[in-house]
Amino acid sequence: HRKNWGAAGGLALGIAALLLPALLGSAWTPKFAELGLAEGFGRLYALWQGIEFLPDRDPYYARQHSSLLAALLWKAGLAFPFGLVAPLALVGILSRLRVERQPVETALLLFVGCFAVQALLFSPADSTARAPAVPALLIFAASGVAAMGARPPRSALAVGAAGLLLAIGLNAGDVGAAGRARQHYWLGYGFEQLGLRANAIREYEQALALDAGRLATYYALGEHYLAQSDNIRAGGLYERLLQRWPDQHRARRALGEVYLASGRAAEAAKLYQGLMDAEAAAEAELLPMLGEALVRSGDMEGGIRAYREALEALPSNGAVRGKLALLYSATGQLAEAVDAYRILFEEGQVAEFGPPLAEVLIRSRRAEEAAAVLERVLQAAPESTAALALRGKQLFEQGRYRAAAVHFERLRRLWPQDYRVYFFLAQLYEQLGAETKADDAHALYIRYRRHKEREEIQEQMQRVGETMAEQLKSQLEQR
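Report follows, based on the coordinates.

Further remarks concern the overall build of the chain. A tally of helices and strands in the chain yields 25 helices and 0 strands. Burial status across the chain gives 37% buried among its 479 residues. Restricting to contacts in the chain with at least 6 residues of sequence separation, those with at least 24 account for 53%. As displayed, the chain offers around 26,700 Å² of accessible surface, 57% of which is attributable to carbon and sulfur atoms.

Shown next as structure tokens:
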């Protein structure tokens, strides 16, 4: 009697231990009540059958890479992770229902039964929910194998075999277009990590063709298009993305970059202006982008205003100050350019901003200040070609030919194929009376100038060819 009560108590604890996590995990809200009777039993069968409600991957894709997995991951019938385990366990369970059982066997049967109940009421019916039942099903699967090999076979074997045939005949395992799209997405991600860009693009494109509603695919594919400088496809992709998700600011920024790279600066400026209206907190970050777009569209004053506002928001931004100084110089605002360059120069960026500062000072007829700046640059960076060229020209114009020749000889060692260096050397040596050196420099000037002209013609022809190819590609895609 005590033994029976002990077994009953143990079974009650086992049932409570099984049901309590499910109840807590579902916040005491039975899913069966939400789903209705038919769908609830459908989820119970899905739990047994092995259908996955996967957010990311289709496990059945792995069948094509392994003979073993092809046998275990059935596309129809009882699917992974059960495979043959579940039908054999069914045979084992049926074979033990009408025979005398040990208490442990009864406990296992009750465990499986209670597991089915909690799956019906509370489970999401996926592989995580199936995991606790696998050990018990393995035991019954072994029992099923024994039952099938018994002589004579037990009567339950026929019922189990019929259930097995029924399960095999039912369709399972296909997660649909969305699942296949996610599988292609993750394949693309894998190829991306291996550095196989062409394969990654192919997989991402297939994922997008199967499921156009996955935002991550657009971004992943767009980054590869941008990396290949394929502005046409990148622009079309981001435009499609924004049609679906107009509030995606990241996509608007990327599209702005595409517009800039494609020569559509006015559209980029409009896009950035709209982003600033929508993202007030990111205004300091967007202002330099707007300034670049305005400058490229020909609105120099608008670009200067944008860069000024950006600098007011971030006074320590050296890159913005440098671009603003360059714009001041290009628009003839020399005093403002000197002030901007001087700040950068005094902050320690001597080699980078000393030469442009000196150039603006020379244009402002402040030659002595320019000379002091250039000497300081050459002390910090003796091989600064910009400083050597500017100081050499300055000395040449002052009639200090020997000192100028020293600078241009240093330039010749750094730029041995620059024809402009030989132009000045020819004139300098002629002024110094070194006729042989002057003739040699003049000959090299002619030689390297012709070489440079041929290179420029080839580059121009290449640019024309690339432009024509891009236009043809765009026309074909529009068709």
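Okay, back to it.
Moving on: the environment of L294. Assignment of secondary structure puts L294 in helix α16 (residues 283-296). Once the C-alpha coordinates of L294 and A266 are considered, the two residues, 28 residues apart in sequence, prove to be 6.8 Å apart. Sequence-distant contacts of L294, defined by excluding residues within four places in its chain, comprise A269, D299, G302, G303 and A306.

Before going further, it helps to spend a moment on the packing of aromatic side chains. One pass over the full model with this rule turns up 12 aromatic pairs. For the pair Y185 and Y204, a centre-to-centre distance of 5.5 Å together with 50° between the ring planes defines the contact as tilted. One end of the pair, Y185, is in helix α10 (residues 176-193); the other, Y204, is in helix α11 (residues 197-210), and 19 residues separate them in sequence. There is no split in this pair, since Y185 and Y204 are both buried. Centre to centre, the rings of F423 and Y445 are 5.6 Å apart; their planes meet at 50°, and the pair counts as tilted. Highlighted residues: F423 in helix α24 (residues 419-432) and Y445 in helix α25 (residues 435-478), separated in sequence by 22 residues. Exposure remark for F423: the relative accessible area of 37% places this residue in the partly exposed category. By way of ring pairs, the aromatic residues F396, Y401, F408, Y419, F423, F424 and Y445 are connected into one cluster. For R250, the ring lying beneath its charged end belongs to Y219, and the centroid distance is 3.9 Å.

The residue R321 is located in helix α18 (residues 318-330) in this model. For the buried R321, no salt bridge is present, and the opposite-charge side chain at shortest range is E347, 5.1 Å distant. Dropping the residues within four chain positions of it, R321 is found in contact with L311, P315, A340, I343 and L344.

Attention shifts here to the pattern of salt bridges. Opposite charge on two side chains permits them to pair, given that their charged atoms come into close proximity. Inspection of every chain in the model, using the stated rule, returns 17 salt bridges. The salt bridge partner of R250 is E223, with a shortest N-O separation of 2.9 Å. Remark: E223 occurs in helix α12 (residues 215-227) and R250 occurs in helix α14 (residues 249-261); sequence separation between them is 27 residues. According to the relative accessible area criterion, R250 is partly exposed, its value standing at 46%. Shared partners join several salt bridges into a network, and the residues in it are E205, D230 and R233.

Summarising the element assignment, A306 is placed in helix α17 (residues 300-313). C-alpha of A306 to C-alpha of L294: the two residues are 12 residues apart in sequence and 8.5 Å apart in space. Contact partners of A306, with chain neighbours within four places excluded, come to L287, L290, G291 and L294.

Turning our attention to the packing of helix α21 (residues 367-380) against helix α22 (residues 385-397). If you want to describe how two helices pack, look at the angle between their axes and the distance between the axes. Taken N-terminus to C-terminus, the directions of α21 and α22 make an angle of 140°; their axes are 10 Å apart at the nearest point. For the element pair α21 / α22, the angle class is oblique. Taken as a pair, α21 and α22 cross one another with a handedness that is left-handed. From α21, A367, A370, A371, L374, E375, V377 and L378 reach across to α22, where they touch A387, L388, L390, R391 and Q394. The residue makeup of the contact of α21 with α22, split by class, is 9 nonpolar, 1 polar and 2 charged.

Here we take up helix α20 (residues 350-363). The first and last C-alpha atoms of α20 sit 19 Å apart over 14 residues, in line with the 20 Å expected at 1.5 Å per residue. For α20, the complete set of buried residues consists of V350, F353, G354, P355, L357, A358, V360 and L361. Buried residues along α20 sit against α18, α19 (334-346), α21 and α22. Just beyond α20, the residue with positive phi is R365, at close to 60°.

What follows deals with α17. For α17, which comprises 14 residues, the first-to-last C-alpha distance of 20 Å matches the rise-based estimate of 20 Å (1.5 Å per residue) to within 8%. Taken as a whole, α17 has its buried residues at G302, G303, I304, A306, Y307, A310 and L311. Check the buried side of α17 and you find it contacts α16 and α18.

What counts, and at which threshold
Residues numbered from 1 in each chain as written. Predicted model: local features only at pLDDT ≥ 70, side-chain atom pairs only at ≥ 80, totals over all residues. Heavy atoms only, no water. Helix = DSSP H or I, 4+ residues; strand = E, 2+ residues; numbered from the N terminus. Buried < 20%, exposed > 50% of the residue type's maximum accessible area, 1.4 Å probe, protein only. Contact = heavy atoms within 4.5 Å. Areas by Shrake-Rupley, 256 points an atom, 1.4 Å probe, with all protein chains shown as cover. Phe/Tyr/Trp six-rings, centres within 6.5 Å; stacked < 30°, edge-to-face > 60°. Lys NZ or Arg CZ within 6 Å of the ring centre and 35° of its normal. Lys, Arg positive; Asp, Glu negative; His and termini not counted. Salt bridge = Lys/Arg side-chain N within 4 Å of Asp/Glu carboxyl O. Axes fitted to C-alpha atoms, helices over the stretch in contact; angles between N-to-C directions. Parallel < 35°, antiparallel > 145°, perpendicular 65-115°, else oblique. Left-handed = near helix turned anticlockwise from the far one by under 90°. Nonpolar A, V, L, I, M, F, W, Y, C, P; charged D, E, K, R; others polar. Expected span 1.5 Å × (residues − 1).

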